[in-house]
Amino acid sequence: MTQSYRFPPGFHWGAATSAYQIEGSPLADGAGPSIWERFAHTPGMMANGDTGDIACDHYHRYKDDVQLMRALGLQGYRFSIAWSRVLPEGTGRINQKGVDFYSRLVDELLENGIEPNATLFHWDLPAALDDRGGWLNRDIAHWFAEYANVMYKALDGRVKRWSTLNEPWVVTDGGYLHGALAPGHRSKYEAPIAAHNLMRASGAGIQAYRAVGKHEIGVVFNIEPKYPASNSPEDIAATRRAHAYMNEQFADPALLGSYPPELKEIFGPAWPDFPEDDFKLTQQKVDFVGLNYYTRAVVKHDPNAYPLKAVPVKQPNTTYTETGWEVYEQGFTDMFTWFKQRYGDIPLYVTENGSAFYDAPVAEGDVVQDPLRTSYLRKHLKAMHHAIEQGVNLKGYYAWSLLDNLEWSLGFAKRFGLYHVDFATQKRTPKATAKFYAQVIETNGAVL
Ligand SMILES: CO[C@H](O)c1c[n+]2c([nH]1)[C@H](O)[C@@H](O)[C@H](O)[C@H]2CO
């Protein structure tokens, strides 16, 4: 009998973006600068000198972009709110024009039958808060809760699914340990402090929602399953360290109220002795967890690798995306089963999954042919279906991304979009993957 890939009735199909990557106009209508506005305008930080000054001009084109979502039959749209559009100094004074933009976006989505899914923080911290220590200042848990309350009040009732943070691991690994992302710090002493305060803030945001919210709130983690390069004790230990550092460092304080022991081994004297009471804040009941999956890593021991003493090993005879990520759909299935085993049967959403491949120039009116991206999507949706068949409580999927956009410090060259964007003209053109995804949504997976 041929395998059916029809998903459970009511499975939720969407697409995702983030504010700084698509909106443009980062300082319009009273908005304050974020750390990404600063970082992008710091010479040498961004590929090709690309910035989010215009990006996809979504701030002005959001109505047209909602029609692109409708054309695919999207049931949901995951977007992020730029904190400094709403609170230009991060706390205190509210910029009503900033709040109004998100209110208009939400109404446009609802009028077109698309469920809004709002992320409060997708990396673009207000620069004014970074000047006060940012994620290194324990007060940020209160600053974040204040911001969250402003948005809950403005949008709750219309937004029924909230996430506090997107991928705190990327913020600390990129922004505080290795310095490749905003705010560009390189300190193994700062990274654990920032990580801990991110999870304190997430907990405070969830607590604030419980006081006023009527619907669902969760948190979004990136997960990259780790596999040992050999059965040697060194490689197995290195894999364990890499897994704890990336995949448990944030979910554990949020869902278990503790840290995995490997973190003290990794950071040594740089690992603080956090107050036990902090875990009463980091650990809050969530209505769902969002998981972002792109690839796996095969790991080997390397005594010179800072600070993990572990490095990824490139795999032969397989496909890699433009961002250097192996196409490995089995890791998607493995991720779900691991997560359920460690954290229990929490409702899950795939809040990001996608791939960057080179897109041939677009002839007028054509569909961009992107067979490698379509193959990636097909393989990963099938792998996701296998996880559901194994009993994983998976409620929905958001493709990354609706539009080609600013891939952070990698600039515009890395294209993840279902729609191709010509950044010179702002013309949107559907890719073949968009047409395929529309069929997946229409048939609830039966077309796979
Ligand atoms: C380490 O990979 C992460 O899971 C990851 C991949 N991605 C992300 N996180 C971010 O959430 C997006 O803003 C990126 O545009 C997207 C594509 O790079």
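Further up the page is the structure itself.
Residues numbered from 1 in each chain as written. Predicted model: local features only at pLDDT ≥ 70, side-chain atom pairs only at ≥ 80, totals over all residues. Heavy atoms only, no water.

Draft legend 1. Quick look at the overall build of the protein chain. Looking only at helices and strands, the protein chain has 16 helices and 13 strands in total. Compactness check: the protein chain gives a C-alpha radius of gyration of 21 Å against a globular reference of 22 Å for 448 residues, within 12% of the reference. Judged by the C-alpha coordinates and their principal axes, the protein chain covers about 60 × 60 × 45 Å. Buried positions account for 62% of the 448 residues belonging to the protein chain. In the protein chain, of all internal contacts separated by at least 6 residues, the share reaching a separation of at least 24 is 77%. About 16,700 Å² of surface is accessible on the protein chain, with carbon and sulfur atoms providing 52% of the total. (Helix = DSSP H or I, 4+ residues; strand = E, 2+ residues; numbered from the N terminus. Rg over C-alpha atoms; globule rule 2.2 N^0.38 Å. Buried < 20%, exposed > 50% of the residue type's maximum accessible area, 1.4 Å probe, protein only. Contact = heavy atoms within 4.5 Å. Areas by Shrake-Rupley, 256 points an atom, 1.4 Å probe, with all protein chains shown as cover.)

Draft legend 2. Just the side chain of Glu167, in detail. For Glu167, the location among the structural elements is in the loop between strand S4 (161-166) and helix H8 (168-177). Here Glu167 sits buried without a salt bridge, and the closest side chain of opposite charge, Arg78, lies 6.6 Å off (N-O distance). Here the side chain of Glu167 touches Asn292 through a polar contact of 2.6 Å, side chain to side chain. (Lys, Arg positive; Asp, Glu negative; His and termini not counted. Salt bridge = Lys/Arg side-chain N within 4 Å of Asp/Glu carboxyl O. Polar contact = N/O pair within 3.5 Å; in protein donor to acceptor, adjacent residues only side chain to side chain.)

Draft legend 3. Representation of the packing of helix H5 (residues 96-111) against helix H7 (residues 140-155). Interaxial distance between H5 and H7 falls to 10 Å at its minimum, and their mutual angle equals 40°. Judged on the interaxial angle alone, H7 and H5 are oblique. Relative to H7, the crossing made by H5 is right-handed. Between H5, through Val99, Tyr102, Ser103 and Val106, and H7, the contact on the second element is made entirely by Val150, Met151, Ala154 and Leu155. Taken together, the residues of the contact of H5 with H7 sort by class into seven nonpolar, one polar and no charged. (Axes fitted to C-alpha atoms, helices over the stretch in contact; angles between N-to-C directions. Parallel < 35°, antiparallel > 145°, perpendicular 65-115°, else oblique. Left-handed = near helix turned anticlockwise from the far one by under 90°. Nonpolar A, V, L, I, M, F, W, Y, C, P; charged D, E, K, R; others polar.)

Draft legend 4. Layout of the site of the ligand. Surveying the vicinity of the ligand reveals 13 residues, the closest of which are Gln21, Glu167, Glu352, Glu407 and Trp408. At a separation of 2.5 Å, a nitrogen atom of the ligand approaches a polar side-chain atom of Glu167. Its free accessible area being 430 Å², the ligand has 91% of it covered by the protein chains. Considering only residue class, the shell around the ligand consists of six nonpolar, four polar and three charged. (Near = heavy atom within 4 Å.)

Draft legend 5. Quick look at unusual backbone geometry. Between Ala182 and Pro183 the backbone carries a cis peptide bond, its omega angle lying at 5°. Among the structural elements, Pro183 can be located in the loop between H8 and helix H9 (190-212). One non-glycine residue, Asn48, adopts positive backbone phi at about 60°. Inspection of the secondary structure puts Asn48 in the loop between helix H2 (35-40) and helix H3 (58-72). Judged by relative accessible area, which is 64%, Asn48 ranks as exposed. Despite not being glycine, Asp57 shows a phi value in the positive range, around 50°. Structurally, Asp57 is set in the loop between H2 and H3.

Draft legend 6. Structural detail: the pattern of salt bridges. If you walk through the whole model with that rule in mind, you get 25 salt bridges. A salt bridge links Arg61 to Asp57, with the nearest nitrogen and oxygen atoms 2.9 Å apart. The class for Arg61 is partly exposed, based on a relative accessible area of 28%. Linking Glu262 and Arg240 is a salt bridge whose minimum nitrogen-to-oxygen distance equals 3.1 Å. Of this pair, Glu262 sits in helix H12 (residues 262-267) while Arg240 sits in helix H10 (residues 233-248); the two residues are 22 residues apart in sequence, bridging distant segments of the chain. Assessed through its relative accessible area of 11%, Glu262 is described here as buried. A relative accessible area of 32% means that Arg240 is categorised as partly exposed. Overlapping salt bridges bring together Asp359, Asp370, Arg373, Asp404, Arg415 and Lys431 as one network.

Draft legend 7. Structural context of the pairing of strand S13 (residues 427-430). Bridging between strand S12 (residues 419-422) and S13 involves four bridges; their strand directions are antiparallel. Bridging across to S13, Tyr419 finds its partner in Pro430. Connecting S12 to the next strand, S13, in antiparallel fashion are four residues, including Gln426 with a positive phi near 65°. (Pairing = 2+ DSSP bridges.)

Draft legend 8. How the structure looks around the packing of aromatic side chains. Applying the stated criterion to the full structure yields 41 aromatic pairs. Centre to centre, the rings of Tyr20 and Trp408 are 6.3 Å apart; their planes meet at 20°, and the pair counts as stacked. Of this pair, Tyr20 sits in helix H1 (residues 19-22) while Trp408 sits in the loop between strand S11 (394-400) and S12; the two residues are 388 residues apart in sequence, bridging distant segments of the chain. What makes Trp408 buried here is its relative accessible area of 4%. (Phe/Tyr/Trp six-rings, centres within 6.5 Å; stacked < 30°, edge-to-face > 60°.)

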